[in-house]
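These are the residues of each chain, in order.
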Amino acid sequence: MSKPFVIAIAGGTCSGKSTLADRLVEALQNNYTVKLFNMDHYFRRPGITTIAPITGIEYVEHNHPDALRMDDLHADLAAAIAEEAAQIIIVEGLFALYSPEIRGSADLKIFVDLDSDERLVRRIDKFMARGQTKQEVTDRYIDTVRFRHNELIEPTRWHADVVANGVFDRSKVEAVILSYVKANV
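As a starting point, this report considers the structure included with it.

Thresholds applied
Residues numbered from 1 in each chain as written. Predicted model: local features only at pLDDT ≥ 70, side-chain atom pairs only at ≥ 80, totals over all residues. Heavy atoms only, no water. Pairing = 2+ DSSP bridges. Helix = DSSP H or I, 4+ residues; strand = E, 2+ residues; numbered from the N terminus. Axes fitted to C-alpha atoms, helices over the stretch in contact; angles between N-to-C directions. Core = buried A, V, L, I, M, F, W, Y, C linked by side-chain atoms within 4.5 Å. Buried < 20%, exposed > 50% of the residue type's maximum accessible area, 1.4 Å probe, protein only. Contact = heavy atoms within 4.5 Å. 1 Å grid on protein atoms, 1.4 Å probe; cavity = no way out; pocket = protein on both sides within 12 Å on 5 of 7 lines; lining within 4 Å. Points joined across faces, edges and corners; volume = space filled by probe spheres on them. Polar contact = N/O pair within 3.5 Å; in protein donor to acceptor, adjacent residues only side chain to side chain. Parallel < 35°, antiparallel > 145°, perpendicular 65-115°, else oblique. Left-handed = near helix turned anticlockwise from the far one by under 90°. Nonpolar A, V, L, I, M, F, W, Y, C, P; charged D, E, K, R; others polar.

**Some thoughts on the sheet that holds strand 6 (residues 108–113)**
- Pairing is parallel across the open sheet formed by 5 strands, whose spatial order is 2-5-1-6-7. The open sheet has two edge strands, strand 2 (34–38) and strand 7 (162–165), and neither has a second partner. Geometrically, the sheet is characterised by an average inter-axis angle of 20° between neighbouring strands, direction not taken into account.
- Both strand 1 (residues 5–11) and strand 5 (residues 88–92) contribute to a ladder of 5 bridges, which runs parallel. Bridge pairing links Phe5 to Ile88 in strand 5.

**Focus: the nonpolar core**
- Formed by 27 residues in total, the largest nonpolar core has its most connected members in Phe37, Met39, Ile89, Val91 and Phe95.
- A per-element tally of this core places helix 2 (residues 70–82) first, with 5 residues.
- What Phe37 contacts, discounting residues up to four positions off in sequence, is Tyr42, Leu73, Asp76, Leu77, Ala80, Ile89, Ile90, Val91 and Glu92.
- Residues Leu20, Leu108, Leu178 and Val181 belong to the second largest nonpolar core, which totals 19 residues.

**Description of the layout of surface pockets**
- Its volume calculated, the largest pocket comes out at about 540 Å³.
- Forming the boundary of the largest pocket are 24 residues, of which Thr13, Asp40, Arg123, Lys126 and Phe127 lie nearest the centre.
- Sorting the residues of the lining of the largest pocket by element identifies helix 1 (17–28), helix 4 (116–128) and helix 5 (134–153) as the ones contributing at least two each.

**Digging into the environment of Gln29**
- Here Gln29 is to be found in the loop between helix 1 and strand 2.
- Judged by relative accessible area, Gln29 falls into the partly exposed class, the value being 47%.
- Residues Gln29 and Ser18, 11 residues apart in the sequence, show an inter-C-alpha distance of 16 Å.

**Regarding the environment of Lys17**
- Its location among the elements puts Lys17 in helix 1.
- Lys17 gets classed as buried once you look at its relative accessible area, which sits at 8%.
- Separated by 96 residues in sequence, Lys17 and Asp113 have C-alpha atoms that sit 9.1 Å apart.
- The contacts of Lys17, once residues within four sequence positions are left out, are Ile9, Ala10, Gly11, Gly12, Glu92, Gly93, Leu94 and Val112.
- Among the polar contacts made by the side chain of Lys17, one reaches the main-chain carbonyl oxygen of Gly12 at a distance of 2.7 Å.

**Quick look at the packing of helix 4 against helix 5**
- For the pair helix 4 and helix 5, the least separation of the axes is 10 Å and the interaxial angle reads 135°. Judged by the angle between their axes, helix 4 and helix 5 are oblique. Here the hand of the crossing between helix 4 and helix 5 comes out right-handed. In contact with Ser116, Arg119, Leu120, Arg123, Ile124, Phe127 and Met128 of helix 4, helix 5 contributes Lys134, Val137, Thr138, Arg140, Tyr141, Val145 and His149.
- Residue classes in the contact of helix 4 with helix 5 are distributed as 7 nonpolar, 3 polar and 4 charged.

Structure representation (structure tokens):
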């Protein structure tokens, strides 16, 4: 086996990163060995806190690279590449294109773009299903998530080879990505 083909998928909160990654794994796993690294599995426990820049409210931080065990992720990714643990490796998460180590390893860099209003609606649905109130979700989004997106996530789109619309006709976007991957693995 040659060096694994590495795909990095980034984008804002609730933009569709995980959905795209899961659908790519599902489409590829019948013909290739695929390993998925989900950055959410690398959050620090207990988490770090941040003070919202506008309201001054303290929150557990999930939207800054310091909230993640990035050294562990980088080591795990490097080991998977060196060990040729899979033919295709996918790294998915907010900071997949923020990290120079991940970008440098990636053969295909994807940014999933979705309008902030739509991301907020998805976030409300997702976090209310986890027991938060609509007010808690929107307050946090306005206080920290939106700020961190503009500061840290949005600028990473310029590292992407492909910018995929988060409300995309998934079959078309996936077909384009799968065609490229299959031609280059």
